[in-house]
Each structure stands twice: as C-alpha cells, then as structure tokens.
Amino acid sequence: MKPFKFVFRFTGKYTRVLLITVVSMLLLVGVQLLAPWIVRTLVDVVTDPGVSAADLGKITRLALLTLVVYLVRTGLQFTRSYMAHVAGWSVVADVRAAVYEHLQRLSLRFYEEKRTGQLMSRVVNDTDLIESLIAHAIPDLAANVLMLIGVLAVLFQINWQLTLLSMIPIPLIVLGMRGFAKYVRPAFRVRQSELGRLSATLNDNLSGVREIKAFARERSEASRVMDHIILYRDSMLRALRLMAIFRPFVNFASALGTIILIYFGGRFIIGQTLAIADLVAFFLYLELLYQPVRELSGVWESVQQALAGAERVAELLEEAPDIVEKPNAIELPGRARGAIELEGVGFSYAVGDPVLEDINLKIAPGSVVALVGPTGAGKTTLANLIPRFYDVCQGAIRLDGIDIRDLKISSIRQQISIVLQDIFLFHGSARENILFGRPGATEEEMIRAARIANAHEFITQLPEGYDTIIGERGVKLSGGQKQRIAIARAVLKDAPILILDEATSSVDTETEMLIQQALEKLMLGKTVVVIAHRLSTIRNADLIAVLEGSGIVEKGTHAELIRQNGLYKRLNDVQSDYALDWVDVITN
C-alpha cells in the first residue's frame, strides 16, 4: 500500500525505539491474558465442595499475583505508549524536514500555482496525522490483533465448540471494515483538502488584512471564510457519518457474541459439558475478544485519516522540481568575473505562448545593463533566468563562459545579489534581516553595509536599534526604509552580479535620493542588470536593451536610442510629458 510504504521510509532510524514498543506490546498482551485466568482459578477454588480455611492462602496468593499483574501492566502501558510517541513524533519531524527541503528545491513556477495556506496545511496538519498512525493506529491495530489471537488460543483450550460459536460475528465485522474502507478514506481525504483550502483562505486574508480594511471588505471576506468553514464542517461530518454507521454496527456484531454465549453456554452448563468456572472465564475472555474487535473500528478510523494525510504528503514529495541540477555540475572557481551572455534564449510559461524569443545579449563584467519596455514585455522574466529561477526553453545563458545549467545552483546564486521592487523582510530584528545576506558577518561589517545603504541612521533611532523587531514583511517600516534594509542585505553579501528591480518607484523624492545614493555605492565594481521603469534612472547605463513583444527590439546607450527615434524615444517622451503635466498641476 503506497501510503504505508511512504511512512515506513522514515522509520528506519528508529528501529530500536520501535523494537521496544513491539516487545512491551507483546508482554502487555500476555499480562492482560492472565487476569481472566486468575479469576477462573478463583472461581474454581471457591466453588470446590471441599474448600476449607486452608485455601485462604491460595486466595491471598491470587490477590498478590493480581496486584503484580496490574503493576506490570501499568509499566508496560507507559513504555508502549511513550516509546510509540517518541517514534511517531520523530518520524513526523523527519517528514516535515523532508517536505520543507523538497519545497526548497521546487521552482518558482510551482509556487505560482499553489497557495501558501494549502502547502502549510500539508506540512503541518497532514504530517500530524502520521504521528497518530505510528503512535496509535498501527500499535493499537497490532495489539488488538495479538490480543484476538491470544484470547482465541485460550478459549479453544477451554471449549472449542463454544469458541467457534462465539466467533460467528467476527467475519461480519471484518467484511464491514473492508467495505467501509472503500468510502471512509476518500471521505477523510476530502476533509483534509477542505482543511487546506480553509487554511489557504485564512492565510490570504490575514496577510491582506490592510487591503480588506482599506476596501471595507470585512463583511464579504468574513462570509467567504465562513463558506470554507462550512465546507470543512460538512466534509468532516460526511466522514464521521460513515464512521457513525460503522461503530454501532461493530458494537451490535460483538453483542451477538454475548447472546450466543448466554444461549449455548447455559445449555452446556445444564448438559454438564462445561464447568461454571469455565463459563465465567469465557465471559471475561469474550470481553477481551470483542474489545479489540470494537476498538478496531476506532483504530480503523485513525488509520483512514492518517493514510489520507500520508497520501497528500507523499503527493507533495512526488512533485518534480523544474530546475534540476546535473549530477556532474561544477562549482565556479572562486569569485565570478560577472560576464553574462544570453544566446538565442527562448522561454514560455505555457506551451505555445512564448514570453521571450531569440534573446541575444552580452553583458560585460562590471557593466550596467538596463532592461526597459512596456509592461508584460518579459523584463522580469529575463532577469529571473539569470539566477536560474527558471530554465530557458531554448538557447543558453553563460556565466563567465560556462552554461549555467552546467553549474551547481548554489554556486550560481552565491554570485548574485537581488534587490526587488517588492521587498520581503522576515519577522525578526533589523540585524537578522541584514545578516540574512551573510550570516557569518561581523558587527562591524554589518554596520558598514547599513551605512553604505543609508540605513544606519534610521536603524539607530529605532527603539532597540539593530535589535528592534521590525515585523513580518517589515510592516513597522516605511517603504523606503525597507528598501534600504534590503540594499544593506545585498551590500553585505557583496556578490559580483547585482540584479535590481526599480527600487525607487514608490517613494518620495528625498527617500529616492537616499536609495539612489545607496544603489550607486552598491553597484561599484559589479555587473548590474537593472529592470527599469523610470527611464531617468538609467540614462548612464552602459547598455540599454528595449523589449517589446517577446524579443529585444533595440539596443544601445541612452543617446544612441534617442537618435534611433524608436520605441525607447517614445517611452522617454511619454514619461517626460507626464512629468511636465504633474509640474503644471502642482504649480497651478
């Protein structure tokens, strides 16, 4: 069974713990089988016509033996339960680590098609169910089966005819379990899917709470969340309804065994083919016989839920990464010079819908190249191909003359710093966010990077300076402050190649000047690829590539492109006219 194989892939490290669990479980079954036998012996003693005061010693010994049995049972129950939990949560930790590592290997294309909340639900909620499979479902299933076998062995020894009669309901229960498994696991799988959708919706809404408030959408979003809550509730109730049918069926079937025992056991007593002590033992053992059978219904529910969760986790681990590193991939020898060449590059997100076609571009080491063009022309896509966030569909990209597909991915990305327009800062301190660029940097190196990024002054004015918690995504900072933290992070990394998505498009003039100064310091001595929206910021670029449609339509310096009187000049004129119109509005 695929889910079981998936789970047991992670249990090898915990063989010793599982062995202790199994041994304690076997001993526990043996100890539990002793208690009814002691009662049977007691009944034999007290119903013997020749019983006397001398037999009080036997009763005392039986009582002491019973005490020992229950003390040993208590210790074994603790050992079995705790060691099973140790194994279960250890496996869950390994599964979660494996899932996270696998998610790290998946390309950006995968994340564009998935919602964060759904992925979190698989990493957290679905893996939680695996613990119940290892710590509860499988041990309980094994213990119940062993108990069933042990009880049947004792009962056959007492009276085989009555044992066979008492077993009549068991095939009904087994057939019921197999039938319900066909419907129960899919029902719980649907429940887990609905839980993932609910988690995704909550994640979206909590992340976008500012927008919800700004557009006064609280009521409509609350209604949308409620719809998902109801869908999850209904899917849960559908699964539980199946189990609610199954459990009474199991209880009724086990009750049939008691009825059979009363009828035939009474007849055997009257016919003097069965002793009273044996009938009493039969009733006690019958409870032990049907207790595991009844518990199998609950265990089966846990198994179905856990297998449904394991299937969803296994599916996630089976997602193949788009970006695959070659087995013989090489490391770049030291620090890259920064020469980048795109030759015949083509790329598409969907088959038959090219975003880039026949892109040819040479970027000299230490030069500044700007990518400009209308929205949707493929500027960001082209920049994302350089650090190999996506793989080209045609052609090749070379770094220092080596095809980047022949390099180790980590080797490529160590040579590149990226400052995007949409800055992401982690929930943590300013220090932690800057050191993300190079965790091993010294205090002096970190402060120097912050100074270069024009961030040191505002950071030292924060309540706790560099140790101030700046909030998830930097919500306690202004847009310009977040940009400068991101620039400091890139300065600290000090990679030879820098990719910039226009960092000054949504800030005031004074902040723009500070950021521009920081960027100029950051760009010194580096190969820079700038995705430009404001053409005024890239007039001094060594080369400007103008994209339109799915290719490069113009290349040259600012002056050369103005003289060509093509798309670049039209874009420049539009921005110049727009700026003049705003000046007129402000002055009038």
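The structure under discussion appears in the preceding block.
Residues numbered from 1 in each chain as written. Predicted model: local features only at pLDDT ≥ 70, side-chain atom pairs only at ≥ 80, totals over all residues. Heavy atoms only, no water.

**Points about the sheet that holds strand S2 (residues 353–363)**
Next, step 1: The antiparallel open sheet is built from four strands, whose spatial order is S2-S1-S4-S5. Every interior strand has two partners, whereas the edge strands, S2 and strand S5 (402–403), have only one.
Next, step 2: Relative to S5, strand S4 (residues 394–399) runs antiparallel, the two sharing two bridges. Note on S5: the bridge partner recorded for Leu399 is Ile402. (Pairing = 2+ DSSP bridges. Helix = DSSP H or I, 4+ residues; strand = E, 2+ residues; numbered from the N terminus.)

**Observations regarding the packing of aromatic side chains**
Next, step 1: All chains considered together, the criterion is met by five aromatic pairs.
Next, step 2: Measuring from centroid to centroid gives 5.5 Å for Tyr349 and Tyr390, while their planes differ by 90 degrees, and the two rings are edge-to-face. Taken together, the residues span a long stretch of sequence, with Tyr349 in strand S1 (residues 340–350) and Tyr390 in the loop between helix H11 (379–385) and S4 at a distance of 41 residues.
Next, step 3: Take Tyr349: its relative accessible area is 36%, and that puts it in the partly exposed class. (Phe/Tyr/Trp six-rings, centres within 6.5 Å; stacked < 30°, edge-to-face > 60°. Buried < 20%, exposed > 50% of the residue type's maximum accessible area, 1.4 Å probe, protein only.)

**Here we look at empty space enclosed by the protein**
Next, step 1: Counted by the stated rule, this structure contains one cavity of 30 Å³ or more.
Next, step 2: Size it by volume and the largest cavity reaches roughly 30 Å³.
Next, step 3: Along the walls of the largest cavity sit Ile340, Ile386, Ile397, Leu399, Ile404, Ile416 and Ile497, which together make up its complete lining.
Next, step 4: Considered class by class, the residues forming the lining of the largest cavity number seven nonpolar, no polar and no charged. (1 Å grid on protein atoms, 1.4 Å probe; cavity = no way out; pocket = protein on both sides within 12 Å on 5 of 7 lines; lining within 4 Å. Points joined across faces, edges and corners; volume = space filled by probe spheres on them. Nonpolar A, V, L, I, M, F, W, Y, C, P; charged D, E, K, R; others polar.)

**Re a nonpolar patch on the surface**
Next, step 1: Taken together, Leu42, Val46, Leu56 and Ile59 make up a surface patch of nonpolar side chains, about 310 Å² in accessible area.
Next, step 2: Of all elements in the fold, only helix H2 (15–47) and helix H3 (56–105) reach the threshold of two or more residues within the nonpolar patch.
Next, step 3: Within the fold, Leu56 resides in helix H3. (Patch = residues over 30% accessible without salt bridge, like charges linked within 9 Å, V, L, I, M, F, W, Y side chains within 5 Å. Areas by Shrake-Rupley, 256 points an atom, 1.4 Å probe, with all protein chains shown as cover. Salt bridge = Lys/Arg side-chain N within 4 Å of Asp/Glu carboxyl O.)

**Here's the deal with helix H9 (residues 218–270)**
Because an α-helix completes one turn every 3.6 residues, residues spaced three or four positions apart along the sequence face the same direction.
Next, step 1: Its 53 residues give H9 an end-to-end C-alpha distance of 76 Å, which sits within 8% of 78 Å, the value for a rise of 1.5 Å per residue.
Next, step 2: The positive-phi residue at the C-terminal boundary of H9 is Gln272, with phi of around 60 degrees. (Expected span 1.5 Å × (residues − 1).)

**Notes on the nonpolar core**
Next, step 1: With 46 residues, the main nonpolar core has Val419, Ile434, Ile459, Ile487, Ile538 and Ile544 as its most contacted residues.
Next, step 2: Looking at this core, the element that brings in the most residues is helix H16 (residues 479–493), giving seven residues.
Next, step 3: Judged by nonpolar contacts, the second largest core, of 32 residues, contains Phe347, Ile363, Ala383 and Val529. (Core = buried A, V, L, I, M, F, W, Y, C linked by side-chain atoms within 4.5 Å.)

**Overview of the pairing of strand S3 (residues 368–372)**
Next, step 1: Of all five residues that make up S3, five are buried, and the element is covered over most of its length.
Next, step 2: Across the two faces of S3 the burial is the same, with Val368, Ala370 and Val372 and Val369 and Leu371 all buried.
Next, step 3: Direction of pairing for S3 relative to strand S9 (residues 543–548): parallel, over a ladder of four bridges. Among the inter-strand pairings, Ala370 is bridged to a residue of S9, identified as Ile544.

**Some details on the sheet that holds strand S7 (residues 497–501)**
Next, step 1: Read from one edge to the other, the open sheet built from six strands follows the order S6-S7-S8-S3-S9-S10, with strand pairing classed as mixed. This sheet does not close on itself; its edge strands, each paired only once, are strand S6 (416–419) and strand S10 (551–556). Within this sheet the neighbouring strands show an average axis-to-axis angle of 20 degrees, counted without direction.
Next, step 2: Across four bridges, the pairing between S6 and S7 is parallel. Each residue of the ladder has a partner; that of Ile416, found in S7, is Ile497. (Axes fitted to C-alpha atoms, helices over the stretch in contact; angles between N-to-C directions.)

**Some thoughts on the environment of Leu425**
Next, step 1: Relative to the helices and strands, Leu425 is located in the loop between S6 and helix H13 (430–435).
Next, step 2: The buried category is assigned to Leu425, whose relative accessible area is 0%.
Next, step 3: Along the backbone, Leu425 and Phe436 are eleven residues apart, and their C-alpha atoms lie at a distance of 9.7 Å.

**Considerations on the pairing of S9**
Next, step 1: By the bridge criterion, five bridges tie S9 to S10 in an arrangement that is antiparallel. Note on S10: the bridge partner recorded for Leu547 is Ile552.
Next, step 2: Where S9 hands over to S10, the hairpin turn is made up of two residues, of which Gly549 adopts a positive phi near 70 degrees.

**Quick look at the packing of helix H14 (residues 443–452) against H16**
Next, step 1: Between H14 and H16, the shortest axis-to-axis distance is 8 Å and the interhelical angle comes to 130 degrees. By the angle class used here, H14 and H16 are oblique. H16 is crossed by H14, and the crossing has right-handed handedness. Residues Glu445, Met446, Ala449, Ala450 and Ile452 of H14 form the contact with H16, whose participating residues are Ala488, Val491 and Leu492.
Next, step 2: Classifying every residue of the contact of H14 with H16 by side-chain character gives seven nonpolar, no polar and one charged. (Parallel < 35°, antiparallel > 145°, perpendicular 65-115°, else oblique. Left-handed = near helix turned anticlockwise from the far one by under 90°. Contact = heavy atoms within 4.5 Å.)

Taken by themselves, the reported measurements are silent on function.
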